[in-house]
Amino acid sequence: PIGAERLAGAIAWSRQTHVRLFLGETGAPPDAAGLAAFRTMLGEISSAPDVFWGVAVWGAGAWWKPDYPMRLDPIAGVARPQFVALENVMMSAQRQQRR
């Protein structure tokens, strides 16, 4: 999947050089391909705490038009699919930390 492919080189480099990474300003549109790549990418980041110390997801905001594809904030009270994907990964990571 594209989300994993895009990170593979950076993850390998990080592990080889022992330099931890911060992935800034990433995101995806809410279509099926974008969400699949986003979920895969978030999963890769979550499963590599030795590599990533953080990630910033592009969220746009309420001042952007409702049809702007990268928005994370709810529109008319409905959660955006990208936010749900992000929330699922974060909750899964929290559960694993509690074990």
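Nothing here was measured: the structure is a model prediction, and the numbers come from that model.

## With respect to the packing of helix 2 (residues 32-46) against helix 3 (residues 81-98)
Helix-helix packing is characterised by the crossing angle of the two axes and by the distance between the axes. Put simply, helix 2 and helix 3 touch, their axes get as near as 10 Å, and they point 20 degrees apart. If you check the angle between helix 2 and helix 3, you find them roughly parallel. Of the two possible hands of crossing, helix 2 and helix 3 adopt the one that is right-handed. Mapping the contact onto sequence places L35, F38, R39, L42 and S46 in helix 2 and P81, Q82, A85, L86, V89 and A93 in helix 3. Here the residues of the contact of helix 2 with helix 3 are counted per class, giving 8 nonpolar, 2 polar and 1 charged.

## Observations regarding the packing of helix 1 (residues 2-17) against helix 2
In the contact formed by helix 1 and helix 2, the axes pass within 7 Å of each other and the chain directions differ by 30 degrees. Residues I2, G3, A4, L7 and I11 of helix 1 form the contact with helix 2, whose own contacting residues are A37, T40, M41, E44 and I45. In the contact of helix 1 with helix 2, the residues fall into 7 nonpolar, 2 polar and 1 charged.

## Quick notes on the environment of L86
Within the secondary structure, L86 is located in helix 3. As a C-alpha pair, L86 and F38 span 48 residues in sequence and 8.5 Å in three-dimensional space. In this view, L86 contacts F38, L42 and V57; residues no more than four positions away in its chain are not counted.

Procedures and definitions
- Residues numbered from 1 in each chain as written.
- Predicted model: local features only at pLDDT ≥ 70, side-chain atom pairs only at ≥ 80, totals over all residues.
- Heavy atoms only, no water.
- Axes fitted to C-alpha atoms, helices over the stretch in contact; angles between N-to-C directions.
- Helix = DSSP H or I, 4+ residues; strand = E, 2+ residues; numbered from the N terminus.
- Parallel < 35°, antiparallel > 145°, perpendicular 65-115°, else oblique.
- Left-handed = near helix turned anticlockwise from the far one by under 90°.
- Contact = heavy atoms within 4.5 Å.
- Nonpolar A, V, L, I, M, F, W, Y, C, P; charged D, E, K, R; others polar.

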